[in-house]
Amino acid sequence: MRVLEIWRYPVKSLQGERLTQAEVGVEGIAGDRGWALFDRATGFGLTARRVPDLLFASARLVGDRPEVVLPDGTVTDDDAVLSSWVGRPVQLRPASFSGERHYENPADLETESRWDPFAGADGAFHDNAGARVTLLSTGSTRDWAPRRFRANVLLDGSGEDALVGSRVRLGTTVLDVGMHVDRCVMTTRPQPGGIGRDTGVLKTIHREHDGTLSVGAVPVTPGRIAAGDELRGD
């Protein structure tokens, strides 16, 4: 398999930016999930699990801080502007902030009003400490748009499931692939570019793939990956 696309998501649950190459450190692709929106009143982080509109904004890194592009084209990193868009007081926080990190999470597939909090990984705002870099192949996405799954690395080919438990090399980066990535309601959410709401996506993943799609890895040797790199055993 070879690297077809590389994606970085500077702000959790927002759209990200496609890269031709990326630096990879111990927490994953540099700048990936480095920021998140938090409700000032409740202290909970926001995700598109419960706030689907987040997926219609995008973020890009400018220096070491993200710029958010809102659906109307407004470019901002101002909390007041972001609060007005979200409809509640929010703060754009870096992963280095000191405090608890719990996120709003729907209690079931269809009802955003019922929710339970969940905690993610330390450091960058990844859901799982074992999935600092996520790998997904075109062979696994069927006729679904790969962007539904927000993987860091899209591989041209198939067979990423067999990588779990192995050590691989992409470019100069070495990764320990340790887990299958559980999938949630976010895979069903509408997104820009004509990706519509589709609850059948998650139902199919649960029925035919034990609720997982893509694999998660932890960098053991920092380095650089680039489009076209071949995935090799290390």
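Here the structure is a predicted model, which is why all the values come from computation and not from measurement.

Asks: Before we move on, can you summarise helix α1 (residues 79-86) with the specific residues and values?
Replies: Among the residues making up α1, those that are buried are Asp 79, Leu 82, Ser 83 and Val 86. The arc enclosing the buried residues of α1, seen along the axis, measures out at 100 degrees, which places them on a common side. Exposed and facing more than 90 degrees away from the buried side of α1 are Ala 80 and Ser 84. Buried residues belonging to α1 abut β5 (35-39), β7 (65-69), β8 (75-76) and β9 (90-94). The distance from a side-chain oxygen at the start of α1 to the backbone nitrogen of Ala 80 is 3.0 Å, and the residue carrying that oxygen is Asp 78.

Asks: An account of the layout of surface pockets is requested, with residue identities and associated values reported.
Replies: Roughly 530 Å³ of volume is contained in the largest pocket. Residue lining of the largest pocket: 25 residues in total, with Arg 49, Asp 127, Asn 128, Val 181 and Arg 183 positioned closest to the centre. Those elements that provide at least two residues to the lining of the largest pocket are β11 (118-119) and β15 (173-182). Here the lining of the largest pocket gets three residues from one element, more than from any other, and that element is β15. Taken together, the residues of the lining of the largest pocket break down into ten nonpolar, seven polar and eight charged.

Asks: Explain the nonpolar core to me, and be specific about the residues and the numbers.
Replies: Of all hydrophobic cores here, the largest spans 19 residues; its most connected members are Leu 135, Val 153, Leu 170 and Ile 225. Taken together, the elements giving at least two residues each to this core come down to β1 (2-8), β3 (21-25), β12 (133-137), β13 (153-156), β14 (166-170), β15 and β16 (212-221). Beyond its immediate sequence surroundings of up to four residues, Leu 135 is in contact with Val 153, Leu 155, Glu 160, Leu 170, Val 177, Ser 214, Val 215 and Leu 231. Core analysis: the second largest hydrophobic core is formed by 18 residues, Leu 46, Ala 48, Val 68 and Leu 82 among them.

Asks: If you had to explain the environment of His 180 to someone new, which residues and values would you point to?
Replies: Among the structural elements, His 180 can be located in strand β15. By relative accessible area, which is 33% here, His 180 ends up partly exposed. Considering only alpha carbons, one finds His 180 and Gly 216, 36 residues apart in sequence, at a separation of 6.1 Å. Excluding residues that lie within four positions of it along the chain, His 180 makes contacts with Asp 161, Val 164, Thr 212, Ser 214 and Val 215. A polar contact of 3.4 Å, which involves the side chain of His 180, links it to the side chain of Asp 161.

Asks: Quick rundown of the side chain of Arg 8? Include the residues and the values.
Replies: In this fold, Arg 8 is placed in strand β1. Within the structure, Arg 8 has its side chain in polar contact with the backbone oxygen of Ala 30 (distance 3.0 Å). Setting aside residues up to four positions removed in sequence, Arg 8 forms contacts with Gly 16, Glu 17, Leu 19, Ile 29, Ala 30, Gly 31, Asp 32 and Leu 61.

Asks: Lay out the pattern of salt bridges with the relevant residues and their values.
Replies: Within this structure, the stated rule accounts for 14 salt bridges. Two residues, Asp 32 and Arg 33, come together in a salt bridge whose shortest N-O distance is 3.1 Å. Note on accessibility: Asp 32 and Arg 33 belong to one class, buried. The salt bridge partner of Glu 208 is Arg 207, with a shortest N-O separation of 3.6 Å. On the basis of relative accessible area, Glu 208 is assigned to the partly exposed category, the value being 43%.

Parameters and conventions
Residues numbered from 1 in each chain as written. Predicted model: local features only at pLDDT ≥ 70, side-chain atom pairs only at ≥ 80, totals over all residues. Heavy atoms only, no water. Buried < 20%, exposed > 50% of the residue type's maximum accessible area, 1.4 Å probe, protein only. Helix = DSSP H or I, 4+ residues; strand = E, 2+ residues; numbered from the N terminus. Arc of directions from axis to C-beta. Contact = heavy atoms within 4.5 Å. Polar contact = N/O pair within 3.5 Å; in protein donor to acceptor, adjacent residues only side chain to side chain. 1 Å grid on protein atoms, 1.4 Å probe; cavity = no way out; pocket = protein on both sides within 12 Å on 5 of 7 lines; lining within 4 Å. Points joined across faces, edges and corners; volume = space filled by probe spheres on them. Nonpolar A, V, L, I, M, F, W, Y, C, P; charged D, E, K, R; others polar. Core = buried A, V, L, I, M, F, W, Y, C linked by side-chain atoms within 4.5 Å. Salt bridge = Lys/Arg side-chain N within 4 Å of Asp/Glu carboxyl O.

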